Amino acid sequence: MVQVIEHEHQKEIIFNELAAYHKNPQYLAYRKRWDEAFKERDYGSFPVNLDVSVTNHCNISCQMCTRTIARQDMDLWDSGKFFDPKLEYLDFELYKKVINEGAEKNLGAVHLTGHDGEPTMHPRLPDMIEYAKGLGIPDVYTHSNATLLHKKKLGERILQAQPHRIVFSVDSPVKETYEKIRVGADYDRVVGNIRNFVERKRELGLIFPLVKVQMVVMKDNESEVTRFKQLFVDDIGVDAVGYSEYLDYQELNDKREHRIDAAIQGGMTDDYVCDYPYRRLRLDQSGLVYACLVGMAHKLGDARTTSLEQMWKGEYMQFLRNSHMRFGASGTGGCEDCGRQFRREQELISEDDLICSSGE
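The sections below set out a description of the structure shown in this document. The structure presented is a predicted model; accordingly, all values stated were derived computationally and were not measured. (Residues numbered from 1 in each chain as written. Predicted model: local features only at pLDDT ≥ 70, side-chain atom pairs only at ≥ 80, totals over all residues. Heavy atoms only, no water.)

## Comments concerning the pattern of salt bridges
Considering all chains together, one arrives at 21 salt bridges under this definition. Between Asp-127 and Arg-124 there is a salt bridge; the shortest N-O distance is 3.0 Å. What makes Asp-127 partly exposed here is its relative accessible area of 25%. Asp-239 serves as the salt-bridge partner of Lys-201, at 3.2 Å between the closest nitrogen and oxygen. Placement of the pair is Lys-201 in helix 8 (residues 187-204) and Asp-239 in the loop between helix 9 (225-236) and strand 10 (240-245), with a sequence separation of 38 residues. Bridged by salt links that share partners, the residues Lys-105, Glu-309 and Lys-313 form one connected network. (Salt bridge = Lys/Arg side-chain N within 4 Å of Asp/Glu carboxyl O. Buried < 20%, exposed > 50% of the residue type's maximum accessible area, 1.4 Å probe, protein only. Helix = DSSP H or I, 4+ residues; strand = E, 2+ residues; numbered from the N terminus.)

## Here we look at the environment of Pro-173
Following the sequence through the fold, Pro-173 ends up in the loop between strand 7 (165-169) and helix 7 (175-181). Ignoring sequence-local partners within four residues, the contact set of Pro-173 consists of Tyr-187, Glu-224, Arg-227, Phe-228 and Leu-231. (Contact = heavy atoms within 4.5 Å.)

## A short note on the packing of aromatic side chains
By the definition in use, this model includes nine aromatic pairs. A centroid spacing of 5.5 Å and a plane angle of 80° characterise the contact between Tyr-27 and Tyr-30, whose relative ring orientation is edge-to-face. Residue Tyr-27 and its partner Tyr-30 are located together in helix 1 (residues 25-39), separated by three residues, close to a single helical turn. Residue Tyr-27 is classed as buried on the basis of its relative accessible area of 13%. When its relative accessible area of 5% is taken as the criterion, Tyr-30 is described as buried. Taken together, the ring pairs in this structure connect Phe-92, Tyr-95 and Tyr-131 into an aromatic cluster. For Arg-165, the ring lying beneath its charged end belongs to Tyr-141, and the centroid distance is 3.9 Å. Over the aromatic face of Trp-312 sits the side chain of Arg-321, whose NZ or CZ is 4.7 Å from the ring centroid. (Phe/Tyr/Trp six-rings, centres within 6.5 Å; stacked < 30°, edge-to-face > 60°. Lys NZ or Arg CZ within 6 Å of the ring centre and 35° of its normal.)

## So, helix 9
Given a rise of 1.5 Å per residue, 12 residues ought to cover 16 Å, and the 16 Å separating the end C-alpha atoms of helix 9 matches this to within 8%. All of the buried residues along helix 9 are Val-225, Phe-228, Lys-229, Leu-231, Phe-232, Val-233 and Ile-236. End-on view of helix 9: buried residues confined to an arc of 165°, all on one side of the axis. A positive phi of about 95° marks Gly-237, the residue just after helix 9. (Expected span 1.5 Å × (residues − 1). Arc of directions from axis to C-beta.)

## Brief notes about empty space enclosed by the protein
To locate leftover empty space, one rolls a probe as large as a water molecule over the atoms. Inspection of the entire model under this criterion finds one cavity of 30 Å³ or more. The volume enclosed by the largest cavity comes to roughly 110 Å³. Every element with two or more residues in the lining of the largest cavity is listed here: helix 10 (276-279) and helix 12 (315-327). Of the residues in the lining of the largest cavity, the class split is 10 nonpolar, two polar and one charged. (1 Å grid on protein atoms, 1.4 Å probe; cavity = no way out; pocket = protein on both sides within 12 Å on 5 of 7 lines; lining within 4 Å. Points joined across faces, edges and corners; volume = space filled by probe spheres on them. Nonpolar A, V, L, I, M, F, W, Y, C, P; charged D, E, K, R; others polar.)

## Description of helix 1
Taking 1.5 Å as the rise per residue, helix 1 with 15 residues should run 21 Å; its terminal C-alpha atoms sit 21 Å apart, in good agreement. Among all positions of helix 1, only Tyr-27, Tyr-30, Trp-34, Ala-37 and Phe-38 are buried. Looking straight down helix 1, one finds that the buried residues subtend no more than 95° of arc, so they occupy a single side. Set apart from the buried face of helix 1 by more than 90 degrees, the exposed residues are Pro-25, Lys-32 and Lys-39. Looking at the packing, one finds that the buried side of helix 1 touches strand 3 (49-53), strand 5 (109-113), strand 6 (139-144), strand 7, helix 10 and strand 12 (280-283). Measuring from the side-chain oxygen of the N-cap residue of helix 1 to the backbone nitrogen of Gln-26 gives 3.2 Å; that N-cap residue is Asn-24. (Polar contact = N/O pair within 3.5 Å; in protein donor to acceptor, adjacent residues only side chain to side chain.)

## A closer look at the sheet that holds strand 1 (residues 3-6)
Spatially, 1-2-10-9-7-6-5-3-12-13-14 is the arrangement adopted by the 11 strands of the open sheet, whose pairing is mixed. Looking along the sheet, the strands with just one partner apiece sit at the ends: strand 1 and strand 14 (299-302). Looking at each pair of strands side by side, their axes are set apart by 20° on average, direction ignored. Direction of pairing for strand 5 relative to strand 6: parallel, over a ladder of four bridges. For Val-110, the partnering residue across the bridge sits in strand 6 and is Val-140. Together, strand 3, strand 5, strand 6, strand 7 and strand 12 form the strand contacts of helix 1, whose direction differs from that of strand 6 by roughly 70°. (Pairing = 2+ DSSP bridges. Axes fitted to C-alpha atoms, helices over the stretch in contact; angles between N-to-C directions.)

## Details of the packing of helix 8 against helix 9
Relative to each other, helix 8 and helix 9 sit at 30°, their axes nearing to 11 Å. Comparing their axes, helix 9 and helix 8 come out roughly parallel. Between helix 8 and helix 9 the crossing geometry is right-handed. Contacts from Tyr-187, Val-191, Ile-194, Arg-195, Val-198 and Arg-202 in helix 8 reach Leu-231, Phe-232, Asp-235 and Ile-236 in helix 9. Here the contact of helix 8 with helix 9 is built from residues that sort into seven nonpolar, no polar and three charged. (Parallel < 35°, antiparallel > 145°, perpendicular 65-115°, else oblique. Left-handed = near helix turned anticlockwise from the far one by under 90°.)

Set out below in structure tokens:
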């Protein structure tokens, strides 16, 4: 059974039936809380989702990444406005402290990511997955560029840890296009790593992780969306594909050596209200906590000295929620140039074409 899920700036198509786990009461309660937190403007006593940036180290330079732009302009890099110039890894003991609090406060999801970094570069990523799962967090998931899965049996270690989901960011099924977008990555190695990961999961008879491969749709790759599905679903056998809009986060596109052209038309809305203040917080690799997954605005405090619950229920978060409700993101300092206010005027992709397509 094929399931199509419309996210705010992404369309996800799941081709394999979801495991029975996704129908159990704990998981369904977490998803209900996620839906209602924003819809009912009920932020509760603790975030539903915690985005954990395990590192801001990265091994490639993607065209559309804030990190890549900052690397091209050292004044921008050193400013710390969009990216933390201090490269580091999140301390494992601090991670456990925060996850312990989350488990006690009914945290629904832990997203092990990199704030413009590559999560698999953290040597303890599999341990982080196991720790959160061991405390009963209903949804533990991570992202990766899939370039390092073959090293030190990393792919095997992640499979043994069994996150509920893993998302591989690839951006093109064509070697030339891929290596133009993801500078420094080897297309053949990445596709081979994902193929081996899926085959090994099958050999082990594992339900988890649900494997998703996603692309950011731009002019450079918009003609390849069907081939993307054919390669990763029909040939390799991943569970899902995702197609994301290109968003000009913090209006940095003009600072690129080569501008990125969006694949679809649209514009910024003045009344956009962000869901983040009702659903999620970000723990950075530095130990600092932010109200937003993007950029360096809205710092709330230090997780070493202040609980997440205090920050979530604190004055600044309440100010942020009120400001969005009264003035929208465009009228809220630190949010006005985010990029998430973009509203497309047309469909990003046609899922009907993808569902009916085959690799033959």
